[in-house]
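# Coordinate inspection notes
The residues making up each chain are set out below.
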Amino acid sequence: MWRSVESACPVPSAGSHYVTISLTNPVKYLRGVGPHRAAALEERGIATVGDLLGYLPFRYEDRIRFTRIAEIVPGQTHTILAEVTSGGGSTVRFARGRNAVFHVAVRDGSGMLHARFFHGGYLQGRLKEGQRLVLHGKADRDPYRPARLEMVNPQIEMLGGSDGTAADSTEVGRIVPIYEAMGGISSRMLRRIIYGVLVNFEGNVPDPLPSELLDRYHFPTRREALLYAHFPPKDESIELLNAFRSSAQMRLIFEEFFYYQLALALRRLRDHRTRGIPLRVREGKVRDALKRILPFKPTAAQKRVLAEIAADLERPYPMHRLLEGDVGSGKTIVAFEAATIAIENDCQVALMAPTEILAAQHYLSAQRVFKPAGYAVELIVSGRKRAERAQALERIASGAAQFVVGTHALIEDPVAFKRLGLAIVDEQHRFGVLQRKRLMEKGASPHVLVMTATPIPRTLALTLYGDLDLSVIDEMPPGRTPIDTRWTSEDKLPAVWEFLRREVVRGRQGYVLYPVIEESKQELKAATLEYERLATKVFLNLRVGLLHGRLKNEEKDSVMERFRDNEIQILVATTVIEVGVDVPNATVMVIEHADRFGLAQLHQLRGRIGRGTEKSHCILIAPKSIAGEARGRIEAMVATSNGFEIAEYDLKQRGPGEFFGTRQHGDAAFSVAQPLRDREILELARREAFALAEDPAKANEVVARLESLSPAWRMRYQLAMVG
Ligand code: ADP
Ligand code: MG
């Protein structure tokens, strides 16, 4: 499958005016790179030739076999080579404001094609008659003039120098790499700079991958892979390249995953050598506690994950476990169970939640659970009265408080524990890695349980949290009826309110969600204003409440308490209720401007209902005319309430970085690799890395070789070790 690269890649040619270049050369001295471009490159972390070669093309164009205009198939993507015509005339038409639309006609001897560029004002004056250019994009018939073929916003590259010199060999007659432009450096410019480097490249590229791995997977060396990935040979398959499945690309993807996973594996070994607090789990006692606490029978999944956690807690090194379960799957009770074990072993437990509302709710539930057993529960949020806070801190420091719930206020300096045995992070995706770490540092190697309702596909969980063991609650508590989700436009609101009123009259409760608190320029309905209207005009004889992030803590607490007690029947709110809030009697969720919310967010919001046995209804208000991603999100919501399916969809749309909201260390770790696209390679790399870590001496030797790579690599590796 692997072919030598020498046939196609630039090879240093004797006699050409070249200076030898090596990996450590600073980019600022390269030909074609002045101070401006050097600054733009450095901004992107590209300081040396080694860094530059790590900047791979994101796409390849076949410029050996251009499509002739006469052979274009409407609706398909083509690359064509043509020149600007005289007759067609290039014009700029100005729409409103600065939105210039640039029109140009081109021909290639077989036919004529029109191109339109929105925001194309910059092209004016640059596309002179006879200018040769490459267009890449989808060709279609002009909707108004079906005889005419056009491309709208194609990728454009002008060939040759501005003085009319011919196109060079980096632009046509080969498979051409397309780079993502950066800070004023066009794709074409990057290509020229990189080509210039490769032509004058003086051989040696250290290869830190163990040679067994190269052999086993028939991977090319690092040097070969880099040359090939930038300038592939003519006969490579363009489809394979664009799928990132040529051997060269696969090797480069593999190595990124491999080092990351190796760091995780070594870190896990280090963790296992750390002395923890082995807890004794007395079978009967836990089971008794379980019975005392639960008004219901735990599901099989809850029992299983609790057993996994209990087994971890008994070990002499600290537990690091991720508990994953869809919204409403019952993670809280599992966390309380784990807490019970710790408390019975004279340890303290900390539970950190991302919002004050959720922290307050956990505090109330924890009191119900632990108080009867004689244990004290404490709440730490910001904005409490000084004296109260001081007393709470004192009770935590002295060990008088066993279970401590809080927001990020928990990880502030003054909070000190006497003996923290278990640190729990709820809705972990809302926190950064460092926050998790700071909570852990409140004790001497406490056990750590992080929980998330973001249903991450297993492989991705491995990349992002590869150092954590994974437990999954894959079953909902019994008796839940599926949530009915509908998409309705705003003009149907009167009927929606009527429906909500009927549900409330039957004894149920509902949420009405708005994207903003107060009126803004964006012309979005605001919670405060709509609350006034709904309370005084629409739901006259019903009890309506308002909840948003800018209320004082006491107000939030009192609103939530009244909603929990059904004193408030309809709660008008913003996304402050997005995570965790648990009021099983609430069965209706109306979300206005639903197209303004992310998919993960919509799913979380919907998770506030469907928590009891009554049928629940989620009504998404958005124009029927919406298109693109927003439409896709709403359609996905209507199609499924399964969190894993939603997650898969969202990941495909937006990539992991966006999906997880808070950027995770896993993101920053890769430049070529994409965990979702490259799952199989990830699994492979993980297996190999963990196998290598079994032999620490050898593993450390491989890590030492990383030093030979660029600082960027070292930094990524360190990130993985710290995270
Ligand atoms: P999440 O996983 O989203 O944090 P919660 O822990 O808030 O979910 O639980 C959701 C709801 O389901 C709560 O009202 C909880 O009391 C209830 N619940 C949890 N486990 C069970 C069970 N085994 N049987 C019945 N209801 C349960
Ligand atoms: Mg929860």
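In this report, we go over the structure that sits alongside the text. (Residues numbered from 1 in each chain as written. Chains lettered and ligands numbered in written order. Predicted model: local features only at pLDDT ≥ 70, side-chain atom pairs only at ≥ 80, totals over all residues. Heavy atoms only, no water.)

### Comments concerning the overall build of the protein
Counting secondary structure elements, the protein contains 24 helices and 22 strands. Counting the 723 residues in the protein, one finds 55% classified as buried. A total of about 32,000 Å² of accessible surface is found on the protein, and carbon and sulfur atoms cover 51% of it. (Helix = DSSP H or I, 4+ residues; strand = E, 2+ residues; numbered from the N terminus. Buried < 20%, exposed > 50% of the residue type's maximum accessible area, 1.4 Å probe, protein only. Areas by Shrake-Rupley, 256 points an atom, 1.4 Å probe, with all protein chains shown as cover.)

### What about the site of ligand 1?
Taken together, 17 residues lie near ligand 1, and Gly328, Lys331, Thr332, Arg480 and Asp582 sit nearest. Side-chain polar atom of Arg480 to an oxygen atom of ligand 1: 2.7 Å apart, as the coordinates give it. Measuring from an oxygen atom of ligand 1, one finds a side-chain N or O atom of Asp582 at 2.8 Å. Considering only residue class, the shell around ligand 1 consists of five nonpolar, six polar and six charged. Residue assignment places the shell around ligand 1 across two domains, with domain 2 (284-473) and domain 3 (484-640) each supplying three or more. (Near = heavy atom within 4 Å. Polar contact = N/O pair within 3.5 Å; in protein donor to acceptor, adjacent residues only side chain to side chain. Nonpolar A, V, L, I, M, F, W, Y, C, P; charged D, E, K, R; others polar. Domains from an automatic or database assignment.)

### Quick word on the pairing of strand β20 (residues 570-573)
A two-sided burial pattern is seen for β20, the buried positions comprising Ile570 and Val572 on one face and Leu571 and Ala573 on the other. Two elements, strand β18 (residues 509-513) and β20, share four bridges in a ladder whose sense is parallel. Across the sheet, residue Tyr511 finds its bridge partner in β20, namely Leu571. For strand β19 (residues 544-547) and β20, the ladder comprises four bridges, and the chain directions are parallel. (Pairing = 2+ DSSP bridges.)

### Here's the deal with the packing of helix α10 (residues 331-344) against helix α11 (residues 356-370)
Closest axis-to-axis distance for the α10/α11 pair is 12 Å, and the angle between their directions is 50°. Taken together, α10 and α11 sit at an angle that is classed as oblique. Seen along the crossing, α10 lies across α11 with a hand that is right-handed. Residues Thr332, Phe336, Ala339, Thr340 and Ile343 of α10 pack against His362, Ser365, Ala366, Val369 and Phe370 of α11. Considered class by class, the residues forming the contact of α10 with α11 number six nonpolar, four polar and no charged. (Axes fitted to C-alpha atoms, helices over the stretch in contact; angles between N-to-C directions. Parallel < 35°, antiparallel > 145°, perpendicular 65-115°, else oblique. Left-handed = near helix turned anticlockwise from the far one by under 90°. Contact = heavy atoms within 4.5 Å.)

### Quick word on the packing of aromatic side chains
This structure, assessed with the given rule, holds 13 aromatic pairs. Between Tyr55 and Tyr179 the ring centres are 6.5 Å apart and the planes differ by 15°, which places this aromatic pair in the stacked class. Here Tyr55, found in the loop between α2 (49-53) and β1 (59-62), pairs with Tyr179, found in the loop between β9 (175-178) and α3 (187-199); they are 124 residues apart in sequence, far enough to count as distant. Accessibility expressed as a relative area gives 1% for Tyr179, which makes it buried. On the basis of an interplanar angle of 75° and a centroid distance of 5.5 Å, the ring pair of Phe258 and Tyr259 is categorised as edge-to-face. (Phe/Tyr/Trp six-rings, centres within 6.5 Å; stacked < 30°, edge-to-face > 60°.)

### Quick word on the sheet that holds strand β10 (residues 320-325)
Ordered by their spatial adjacency, seven strands build an open sheet running β12-β13-β11-β14-β15-β10-β16, and the pairing between neighbours is parallel. The open sheet has two edge strands, β12 (377-380) and β16 (469-473), and neither has a second partner. On average, each strand axis in the sheet is inclined to that of its neighbour by 20°, with strand direction left out of account. Where strand β11 (residues 348-352) meets strand β14 (residues 420-425), five bridges bridge the pair, whose relative direction is parallel. Looking at the pairing, Met352 lines up with Val425 of β14.

### Brief notes about the side chain of Asp62
By the element assignment, Asp62 lies in strand β1. We classify Asp62 as buried; its relative accessible area is 15%. A distance of 3.0 Å separates the side chain of Asp62 from the side chain of Arg65, its partner in a polar contact. Look past the residues within four positions of Asp62 in its chain and what remains in contact with it is Thr79, Arg174 and Ile238.

### Comments concerning the sheet that holds β18
Ordered by their spatial adjacency, six strands build an open sheet running β17-β22-β21-β18-β20-β19, and the pairing between neighbours is parallel. In this open sheet, the two edge strands, each paired with only one partner strand, are β17 (484-488) and β19. On average, each strand axis in the sheet is tilted by 20° relative to the strand beside it, whichever way the strands run. Direction of pairing for β18 relative to strand β21 (residues 586-591): parallel, over a ladder of five bridges. Residue Leu513 lies in a different strand from β21, and its bridge partner there is Ile591. With respect to the sheet, helix α17 (residues 553-564) is in contact with β18, β19, β20 and β21, its orientation differing from that of β19 by roughly 140°. Sheet strands touched by helix α19 (residues 628-639): β17 and β22 (617-621). Its angle to β17, the strand with the most contacts, is close to 150°.

### Brief notes about the nonpolar core
Residues Leu30, Leu41, Leu52, Leu53, Phe254, Phe258 and Leu262 are the most contacted members of the largest nonpolar core, which totals 67 residues. In terms of residues, this core owes the most to one element, helix α7 (residues 247-273), which gives 12 residues. With near-sequence residues (within four places) excluded, Phe254 lies in contact with Leu209, Leu213, Tyr217, Phe219, Ile681, Leu684, Ala685 and Glu688. Formed by 39 residues, the second largest nonpolar core is a distinct cluster that contains Ile277, Ile343, Val369 and Val405. (Core = buried A, V, L, I, M, F, W, Y, C linked by side-chain atoms within 4.5 Å.)

### Concerning the pattern of salt bridges
Across all of its chains, the model carries 43 salt bridges by this definition. Residues participating in the shared-partner salt-bridge network are Arg59, Glu61, Arg63, Glu157 and Arg191. (Salt bridge = Lys/Arg side-chain N within 4 Å of Asp/Glu carboxyl O.)

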